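# Structure at a glance
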Amino acid sequence: MNSSERALEGKRVIVTGGSRGIGNEIVRQCLSSGADVYYMSRSEAADHADLSELAASNGRQVTWIAADMADEQSVSSAVKQVLDTAGGVDVLVNNAGITRDGLIMRMKTEDWEDVLKVNLTGAFIACRAVTRAMAKARGGAIINISSVVGITGNAGQTNYSAAKAGLIGFSKSLARELASRTVRVNVVAPGFINTDMTSVLSDEIRASISGSIPLGRIGEAKEIAEVVTFLASDRASYITGQVLAVDGGMTM
Ligand code: NAP
């Protein structure tokens, strides 16, 4: 789908973790598709001025709201701020995520809890904060960003895999709860994508990962954003409760 078709014309979109990486690309594609975007992260995007220019050139607005997904009060009040100023919300993308990798024998309880808090509980709080407004409006789309490791598991990532698998069960249950109100809930499960999160990997590991991907390469953030924008739009009006792996064929 081409974002120039403005598939999200006039929609109010929240993206958590829009300051960098995949979230930043989702913000960009939503703006190009005609949406007003509110992104939440602890720090403002380094390219915020660029995002504002993109928004203006599309006749839309982009707003950064400082929020920490590990803090219930912070997430709830950030979402409330959007509901109060925009009068509602049409799309929520739960993208913010962290890793604290390590083998279980050495994993600190804090590393387990931090990952669950940001990646799973944060998404739950954001969803809970928007559902009343979406249900009342009888329409909305929620897209939760999981990971292929939530499907396949990965040594050294028990905390992250648990959170990402949890997000899948959570999303399917929420999809069933909200379907009668025409609120769709879907999951995108990226494979390995070029962002800050994966830049820590050595060249050797990157080469070995690429070799295990049927399409033979690591993916780009815009390839995830493309799918998220589609699922957010009315073009996906008959899709709910699904997990879409965007992973170059890793999990086929
Ligand atoms: P990234 O480049 O590290 O960016 C993470 C984003 O999340 C940033 O905008 C960051 O903003 C925000 N964030 C982190 N902790 C936060 C907190 N406590 N509160 C609010 N925002 C927070 O990561 P990415 O690679 O783009 O990943 C985006 C999503 O895709 C994550 O859920 C990740 O698990 C998932 N994913 C990524 C890959 C991959 O290969 N890259 C693969 C599968 C799934 P601040 O630091 O400013 O708060």
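Structure: see above.
Here goes a summary of the coordinates provided.

Criteria and thresholds
Residues numbered from 1 in each chain as written. Predicted model: local features only at pLDDT ≥ 70, side-chain atom pairs only at ≥ 80, totals over all residues. Heavy atoms only, no water. Pairing = 2+ DSSP bridges. Helix = DSSP H or I, 4+ residues; strand = E, 2+ residues; numbered from the N terminus. Axes fitted to C-alpha atoms, helices over the stretch in contact; angles between N-to-C directions. Contact = heavy atoms within 4.5 Å. Salt bridge = Lys/Arg side-chain N within 4 Å of Asp/Glu carboxyl O. Buried < 20%, exposed > 50% of the residue type's maximum accessible area, 1.4 Å probe, protein only. Arc of directions from axis to C-beta. Near = heavy atom within 4 Å. Polar contact = N/O pair within 3.5 Å; in protein donor to acceptor, adjacent residues only side chain to side chain. Nonpolar A, V, L, I, M, F, W, Y, C, P; charged D, E, K, R; others polar. Phe/Tyr/Trp six-rings, centres within 6.5 Å; stacked < 30°, edge-to-face > 60°.

### Notes on the sheet that holds strand β7 (residues 243-246)
One open sheet accounts for seven strands, arranged β3-β2-β1-β4-β5-β6-β7; its pairing is parallel. A strand with exactly one partner marks an edge of an open sheet, and here the two such strands are β3 (62-66) and β7. Neighbour to neighbour, the strand axes of the sheet diverge by 20° on average, direction disregarded. On the sheet, helix α2 (residues 48-57) packs against β2 (36-41) and β3 and is oriented at approximately 145° with respect to β3.

### Considering the pattern of salt bridges
Applying the stated criterion across every chain, the model contains eleven salt bridges. A salt bridge links D90 to R12; its shortest N-O distance comes to 3.0 Å. Residue D90 is found in the loop between α3 (72-86) and β4 (91-94), and its partner R12 is found in strand β1 (residues 12-16); the two are separated by 78 residues along the sequence. Given a relative accessible area of 23%, R12 falls into the partly exposed group. Within this structure, R6, E9, D36 and R60 form a network of salt bridges that share partners.

### Some words on α2
Three or more residues of α2 are buried, namely H48, L51 and A55. Down the axis of α2, the sector holding all buried residues measures 55°, keeping them to one side. α2 presents A49, E53, A56 and S57 as exposed residues on the side facing more than 90 degrees away from its buried surface. Taken together, the buried residues of α2 touch α1 (21-32), β2 and β3. Phi for G59, located one or two positions after α2, is positive at around 70°.

### Some words on the site of the ligand
Around the ligand, the surrounding shell holds 30 residues, and the nearest of these are R20, S43, N95, Y160 and T195. One nitrogen or oxygen atom from the side chain of S19 is found 2.7 Å from an oxygen atom belonging to the ligand. Sort the elements by how many residues they give to the shell around the ligand and helix α7 (residues 196-199) lands first, with three residues. For the shell around the ligand, the per-class residue count stands at twelve nonpolar, 13 polar and five charged.

### Concerning the packing of aromatic side chains
Under the defined criterion, the tally for this structure stands at one aromatic pair. A ring pair is formed by F124 and F170, whose centres lie 6.5 Å apart and whose planes are at 85°; its orientation type is edge-to-face. Of the two residues, F124 sits in helix α4 (residues 109-137) while F170 sits in helix α6 (residues 158-178), which places them 46 residues apart along the sequence. Among the residues examined, F170 registers a relative accessible area of 21% and is labelled partly exposed.

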